[in-house]
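The chain contents come next:
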Amino acid sequence: MSRSEDPLSPEPQTPQTPGTPQTPGTPQTPRPPEGSSSTRATGSSDPGRASSSSWRRLARMSAPRRTKAQVLGAVLALALGFAIATQVQQTGEGGLESLRQDDLVRVLDDVSQRSSRLDEQVRELESQRDQLASGAGSSQQALEQAQRRLDALRILAGTAPAQGQGIRITITDPGSKVTAPMLLDVLQELRDAGAEVVQYGQIRVVAGSYFTAAGSQVQVDGQPLQRPFVIQAIGDKATLASAMTIPGGIVETVRRQGATASIDQLDTLRVDALQTPRTPRYARPVPDATTPTK
């Protein structure tokens, strides 16, 4: 039996175009629903619009989101900055105004003692000048005066031993935190307090001495200092000790670095370390008015 004569074969269906009336008995082809894959394919045929949509989606995903932790961190950072600024301002405004009454009394006594000592030196020098200018003294007195002056210059130059009352400072520095600038500050404070002779370890410190550092090791005039640092100074022992223990002094400074400083006041202190005289390379004495210049 041929296919055309098969009574069970379905009749071929003709697709219906839009606007064509449906013939009774003819099955209708279903339309794809809205938003189906075919519709999306048709709507996404514009590559520029699809790319723009993808970039917007990526921007939304990568945009930072504010969380409670971030807000709390920002508040803490602002509070910390304000606290640091306040502390710096208080430190800069500090000084004598922030000292206690006992500390102010010690500072005032220290300044008064320095002033009295300087006045005494001025009177002594004026008396010597008047004696030499008047010629009232004998030649022996002039020689004695010259010898005393020479001895004083030798002590100041570090070429002669010296003894007298003073203090001994011992700085224990287990963490090697005490630096050369700190030891230089000690020397400056001692000189301001009227120290006449200073010795660091076995090194005599004079006007031309200098401090350097090689790693954690401190050197004076190129010679290493051994820890603990021992500093001896001849001068008024009470004034020197007070200068070391005032607020902001060396005792407080080394304590902040984890080191300790002890001060002993001695009635008799001997300094034996000597300095070798150095010939100045550039400095020359100024000639007197009566000395002919070459």
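Residues numbered from 1 in each chain as written. Predicted model: local features only at pLDDT ≥ 70, side-chain atom pairs only at ≥ 80, totals over all residues. Heavy atoms only, no water.

Colleague: Explain the nonpolar core here, please?
Modeller: General note: in soluble globular proteins, nonpolar side chains tend to be found buried as a group. Counting residues in hydrophobic clusters, the biggest one holds 32 residues, and the most contacted among them are I171, L183, L190, V198, Y200 and I231. Mapped by element, the contributors of at least two residues to this core are β1 (162-172), α6 (180-192), β2 (197-200), β3 (203-205), β5 (217-220), β7 (229-234), α7 (237-245) and α8 (250-256). Broken down by element, this core gets its largest block of residues, six residues, from α6. Residues within four places of Y200 in sequence aside, it is in contact with L183, V186, L187, V205, F211, L225, V230 and I231. Ranked by size, the runner-up nonpolar core spans six residues in total, among them V197, I234, L266 and L269. (Core = buried A, V, L, I, M, F, W, Y, C linked by side-chain atoms within 4.5 Å. Buried < 20%, exposed > 50% of the residue type's maximum accessible area, 1.4 Å probe, protein only. Helix = DSSP H or I, 4+ residues; strand = E, 2+ residues; numbered from the N terminus. Contact = heavy atoms within 4.5 Å.)

Colleague: I tried to follow the layout of surface pockets on my own but got confused; where do I start?
Modeller: Where empty space is left becomes clear once a probe the size of a water molecule has been rolled over the atoms. The volume enclosed by the largest pocket comes to roughly 800 Å³. Forming the boundary of the largest pocket are 21 residues, of which Q121, E124, A152, L156 and E196 lie nearest the centre. Sorting the residues of the lining of the largest pocket by element identifies α4 (101-134), α5 (139-157) and β1 as the ones contributing at least two each. Taken together, the residues that form the lining of the largest pocket break down as ten nonpolar, five polar and six charged. (1 Å grid on protein atoms, 1.4 Å probe; cavity = no way out; pocket = protein on both sides within 12 Å on 5 of 7 lines; lining within 4 Å. Points joined across faces, edges and corners; volume = space filled by probe spheres on them. Nonpolar A, V, L, I, M, F, W, Y, C, P; charged D, E, K, R; others polar.)

Colleague: What is the right way to look at the sheet that holds strand β4 (residues 211-214) in this model?
Modeller: Pairing between the strands of a sheet is mediated by backbone hydrogen bonds and can be parallel or antiparallel. Taking strand neighbours across the sheet as the criterion, the three strands line up as β4-β5-β6 in an open arrangement whose pairing is antiparallel. Bordering the open sheet on either side are β4 and β6 (223-224), each of which pairs with just one other strand. Strands in contact with α6 are β4 and β5; relative to β4, the strand with the most contacts, it is inclined by about 160°. (Pairing = 2+ DSSP bridges. Axes fitted to C-alpha atoms, helices over the stretch in contact; angles between N-to-C directions.)

Colleague: Would you take a moment to explain the packing of aromatic side chains for this structure?
Modeller: The geometry of an aromatic ring pair is captured by two quantities: the separation of the ring centres and the angle between the planes. Using the criterion set out here, one finds one aromatic pair in the structure. Measuring from ring centre to ring centre gives 5.3 Å for Y200 and F211, while their planes differ by 75°; the resulting arrangement is edge-to-face. One end of the pair, Y200, is in strand β2; the other, F211, is in strand β4, with eleven residues separating them in the sequence. Per residue, the accessibility class of Y200 equals that of F211, and both read buried. (Phe/Tyr/Trp six-rings, centres within 6.5 Å; stacked < 30°, edge-to-face > 60°.)

Colleague: Where do I start with unusual backbone geometry in this structure?
Modeller: Glycine aside, a negative phi is what most residues show, and trans is what most peptide bonds show. Of note, the amide linkage connecting R227 to P228 takes the cis form, showing an omega dihedral of 0°. When you line up the elements, P228 lands in the loop between β6 and β7. Phi at D221 is positive, roughly 55°, even though this residue is not glycine. Examined against the element boundaries, D221 turns out to sit in the loop between β5 and β6. Classification of D221 by relative accessible area gives buried; the value is 13%.

Colleague: Where do I start with the pattern of salt bridges in this structure?
Modeller: When the charged atoms of two side chains lie near each other, side chains of opposite charge can form a pair. All told, the structure shown has five salt bridges when counted by the stated rule. Of the charged contacts, one joins R278 and D221 as a salt bridge, the two residues approaching to 3.6 Å between their closest N and O atoms. You can see R278 sitting in the segment after β8 (260-271) and its partner D221 sitting in the loop between β5 and β6, a full 57 residues away along the chain. A salt bridge links D267 to K237, with the shortest nitrogen-to-oxygen separation between them at 2.2 Å. Residue D267 is found in strand β8, and its partner K237 is found in helix α7; the two are separated by 30 residues along the sequence. When its relative accessible area of 58% is taken as the criterion, D267 is described as exposed. (Salt bridge = Lys/Arg side-chain N within 4 Å of Asp/Glu carboxyl O.)

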